[in-house]
Amino acid sequence: MSDRILYGYWRSSAAYRVRIALNLKGLSYEQRSVHLVKNGGEQHSADFQRLNPNQLVPVLVDGQMTLNQSLAIVDYLDDTYPEVTLTPSDKQQRYLVKAMAQDIAVDMHPLNNLRVLQYLTNTLDVNDDQKSRWYANWIIKGFDALEQRLQQTRGKYSVGDQVTLVDVCLVPQVYNAKRFNVDLTAYPNILEVTASLNQLPAFADAIPEAQPDAV
């Protein structure tokens, strides 16, 4: 059994990122499901709050290290297991990759996270159509900018021909956009890069439907 434990949920975009990163690095890990909907949300349980008081997934336990926040986890994995790294060694490229990854993981994804959608529905009494329009609005704003970026940065993947942290963030965001029926025809660069990435085993093995807790 692996010393690494990933607490996540099959549909969590942030946990999806970490699965991709672990797969790319060839690191074994045990998955422990934290169901974000059942039983009022298992992330709110006392046991899980001891791991992450923020009550969010993912959480990675690696020996003595317990860490939340997907981008911090990937940084930790790059520092600890540098045989495969997801941020370039070149300083200019490294910070470009970090900025583009944050465009997705910091500016786009949190606005459409489950707890935000639940607040819209349960507290503000937003209907399904309004919720879908909220979701699509932030995807479109983010993807409009990212599509322009990729015209300058992409090779086979988002930044050149090596898989980077941008790709690790992009694929889960596209997956969710399709899940919510957002029209992506205006984003050929995004779609082409994502199609190339999804052919890689590390990405294919990380898809939500392939996870043991998928329902």
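Labelled according to an unreviewed UniProt entry, the protein appears under the name Maleylacetoacetate isomerase, originating from Vibrio brasiliensis LMG 20546. Of the protein, the UniProt comment under Sequence similarities (unreviewed entry) reads exactly: "Belongs to the GST superfamily. Zeta family."

What follows covers the pattern of salt bridges. Taken as a whole and judged by the stated rule, the model has 8 salt bridges. A salt bridge links Asp 62 to Arg 4; its shortest N-O distance comes to 3.6 Å. Of the two residues, Asp 62 sits in strand β3 (residues 59-62) while Arg 4 sits in strand β1 (residues 4-8), which places them 58 residues apart along the sequence. Relative accessible area serves as the criterion here: at 13%, Arg 4 is assigned to the buried category. Salt-bridge contacts for Arg 154 lead to Glu 192; the nearest nitrogen and oxygen are separated by 2.7 Å. Note that Arg 154 is positioned in the loop between α6 (128-153) and α7 (165-179) and Glu 192 in helix α8 (residues 188-197), a separation of 38 residues in sequence. According to the relative accessible area criterion, Arg 154 is partly exposed, its value standing at 27%. A relative accessible area of 42% places Glu 192 in the partly exposed class.

It is the rolling of a water-molecule-sized probe over the atoms that shows where space remains empty. Of the voids in this model, the largest pocket is the one considered here, and its volume is about 910 Å³. Leu 36, His 109, Asn 113, Leu 114 and Arg 115 are, among the 37 residues lining the largest pocket, the residues nearest its centre. Elements that contribute at least two residues to the lining of the largest pocket include exactly α1 (13-24), α3 (70-80), α4 (91-108), α5 (114-122), α6 and α7. For the lining of the largest pocket, the leading source of residues is α5, giving 5 residues.

About the criteria used
- Residues numbered from 1 in each chain as written.
- Predicted model: local features only at pLDDT ≥ 70, side-chain atom pairs only at ≥ 80, totals over all residues.
- Heavy atoms only, no water.
- UniProt positions renumbered as here; feature names shortened; annotations may be inferred.
- Salt bridge = Lys/Arg side-chain N within 4 Å of Asp/Glu carboxyl O.
- Helix = DSSP H or I, 4+ residues; strand = E, 2+ residues; numbered from the N terminus.
- Buried < 20%, exposed > 50% of the residue type's maximum accessible area, 1.4 Å probe, protein only.
- 1 Å grid on protein atoms, 1.4 Å probe; cavity = no way out; pocket = protein on both sides within 12 Å on 5 of 7 lines; lining within 4 Å.
- Points joined across faces, edges and corners; volume = space filled by probe spheres on them.

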